[in-house]
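Close look at the chain arrangement
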Amino acid sequence: MARVDQGKLQLHGEQPVVLAIHGGAGVEKAGMTPQSEAQARAALELALRRGYEQLRQGRPAMDAVTAAITSLEDDPLFNAGRGAVFTHDGRNELDASVMDGATLAAGAVAGVHRVKNPVLLARAVMEHSSHVMLMGDGAEQFASEQGVSLVDPTYFRTERRWQELQQALKQENKQASALKEGLRHFGTVGAVARDDQGRLAAGTSTGGMTNKRYGRVGDSPVIGAGTYADVNCAVSGTGWGEYYLRVSAARDICMRMGREGASASEAGRAVINEEIPGMGGDGGAIVLGRDGEVALPFNTEGMYRGWVGADGVPHVAIYREDPLVLPAPSH
C-alpha cells in the first residue's frame, strides 16, 4: 500500500491498523456526572487519536500503544500517572508494563514514585536493558540514565484522590463488603494495537489500589497477568489484580486463542466473565487478535473503553448498555 503524505511517497503493509484502549473497569453510574462522563469520553477519544496517528504514519504497534497510554497517564481522571491513587502512607506508587508480540520482548516497572509516564520507562526497560522488570529506586535511577522524565512526587497529588484515601482510612476499621473491597482494586489504563505489518503490542499502566500497604503490587506490571502479547493476540487487563495474577489472565487469554483456536471474544469471555468471577474477582480486559478482532469483556457496571480502525474514527463507551459496534475481523 502506498500513499503521498506532504509530497513524499510512503509505503506501508497490507494489514488494516487497529487500536483498542481501556481506562479501567469498575465504573459506577452513581459516582459519575454528565460532566465527568463527557470528560471521560473526550479523554478516551484523544488517546485513540494520538495512538492512531502513530499507526497512520506507518509506525509499529508499540508506538501506538505507548502514545495512547501516555495520553491517559497525563489525564488525572484515570488511575495511572497523574491520576494515581494514594497508598496507606499517603504516597503514589506507579506500575506499568509493555510487550511486543512479534518478538516477545517485554519491559515493566513497579513501585516508582517520580516517573511522569511509567509506560515510557517500561518501554525503556524493554529496549535498553537486559531485564524485564525493575522496581523502586533502581527503576528511577535507570529512568534518570535513560532520560525518562522524572517529576516531584507532588505532581501526582490531586485533591480527588487524596479525599478518596481519607474516606478509605475512615472506613478501614469498619466491616466492608466484598464488593467495596473489590472496588478498591479498580483503576488502570491500557492499550493494544495492530500495525500495518500485522504486528501486535500491548501495554498497561496503573496507580495501584487506594490505601494499599506493604508495597503491594498487582497484575499490571506482571507480564502474563496484566499484559501479554504474542503473534496471536494482545491483551491488557483491568480489575482485581490478585485474581489476574493467580490465573495469569492475559496469557491465559492468548493461549486459548493460539492453542485452542478461540476467537478474541470467546477467549476473553472465558477468562474475564467466567474464570475470574468464578473465583470471586472482578474486572475487564481489552483483547486484540491477529485477525483484527477486538473484544472488550468486563463483568462490572462499566469500563472506560474504545477503539479506532483504519478510518481514524474513534469509538468509545463507558457503561455496559452503551452502544459500541466492534470492528469485524480482517486478515
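Predicted, not measured: the structure shown is a model, and the values here were computed from it.

This part covers the packing of helix H3 (residues 118-128) against helix H4 (residues 136-146). Two elements in contact, H3 and H4, have axes whose closest approach is 10 Å; the angle formed by their N-to-C orientations is 75°. Classified by the interaxial angle, the pair formed by H3 and H4 is roughly perpendicular. Of the residues in H4, those touching H3 at Leu-121, Ala-124, Val-125 and His-128 are Ala-139, Phe-142, Ala-143 and Gln-146. Its residues placed into classes, the contact of H3 with H4 shows six nonpolar, two polar and no charged.

With that out of the way, let us pick up the sheet that holds strand S4 (residues 94-100). Here we have eight strands laid out as an open sheet, ordered S6-S5-S4-S8-S7-S3-S13-S14, and mixed in their pairing. In this open sheet, the two edge strands, each paired with only one partner strand, are strand S6 (133-135) and strand S14 (314-319). For this sheet the average axis-to-axis angle between neighbouring strands, irrespective of direction, equals 10°. Examined bridge by bridge, strand S7 (residues 188-194) and strand S8 (residues 200-206) share seven bridges and lie antiparallel to one another. Each bridged residue has a counterpart across the sheet, and for Ala-191 the counterpart in S8 is Gly-203. Most of the contacts of H3 go to strand S5 (residues 105-112), to which it runs at about 135°, and overall it touches S4, S5, S6 and S8.

With that settled, consider the pattern of salt bridges. Counted by the stated rule, this structure contains 12 salt bridges. One salt bridge connects Arg-56 with Glu-53, and the closest N-O pair in it is separated by 2.6 Å. With Arg-56 and Glu-53 both in helix H1 (residues 34-56) and three residues apart, this pair spans about one turn of that helix. Classification of Glu-53 by relative accessible area gives partly exposed; the value is 27%. Where salt bridges share partners, they join Asp-63, Arg-123 and Glu-127 into one cluster.

The next thing to look at is the nonpolar core. Among the nonpolar cores identified, the biggest contains 52 residues, and Leu-19, Ile-21, Phe-78, Leu-121 and Tyr-304 are the most heavily contacted of them. Not counting residues within four places of it along the chain, the set of residues in contact with Ile-21 comprises Leu-44, Ala-47, Leu-48, Ala-68, Leu-72, Gly-190, Ala-191, Ile-286, Tyr-304, Arg-305 and Gly-306. Core analysis: the second largest hydrophobic core is formed by 39 residues, Tyr-228, Ala-249, Ala-264 and Ile-276 among them.

Glancing now at helix H2 (residues 61-73). In this model H2 runs 18 Å from its N-terminal to its C-terminal C-alpha over 13 residues, within 8% of the 18 Å that 1.5 Å per residue would give. H2 sits mainly inside the fold: 13 of its 13 residues count as buried.

Another point: the sheet that holds strand S12 (residues 294-295). Reading across the sheet, the four strands line up as S9-S10-S11-S12 and stay open at both edges, with antiparallel pairing between neighbours. Here the strands that pair on one side only, and so sit at the sheet edges, are strand S9 (227-229) and S12. The sheet contact formed by S9 and strand S10 (residues 233-239) spans three bridges and is antiparallel. Along S10, the bridge assignment pairs Ala-229 with Ala-234. Packing of helix H8 (residues 249-258) onto the sheet brings it into contact with S9, S10 and strand S11 (283-289), and relative to S10 it is tilted by some 145°.

The rules behind each value
Residues numbered from 1 in each chain as written. Predicted model: local features only at pLDDT ≥ 70, side-chain atom pairs only at ≥ 80, totals over all residues. Heavy atoms only, no water. Axes fitted to C-alpha atoms, helices over the stretch in contact; angles between N-to-C directions. Helix = DSSP H or I, 4+ residues; strand = E, 2+ residues; numbered from the N terminus. Parallel < 35°, antiparallel > 145°, perpendicular 65-115°, else oblique. Contact = heavy atoms within 4.5 Å. Nonpolar A, V, L, I, M, F, W, Y, C, P; charged D, E, K, R; others polar. Pairing = 2+ DSSP bridges. Salt bridge = Lys/Arg side-chain N within 4 Å of Asp/Glu carboxyl O. Buried < 20%, exposed > 50% of the residue type's maximum accessible area, 1.4 Å probe, protein only. Core = buried A, V, L, I, M, F, W, Y, C linked by side-chain atoms within 4.5 Å. Expected span 1.5 Å × (residues − 1).

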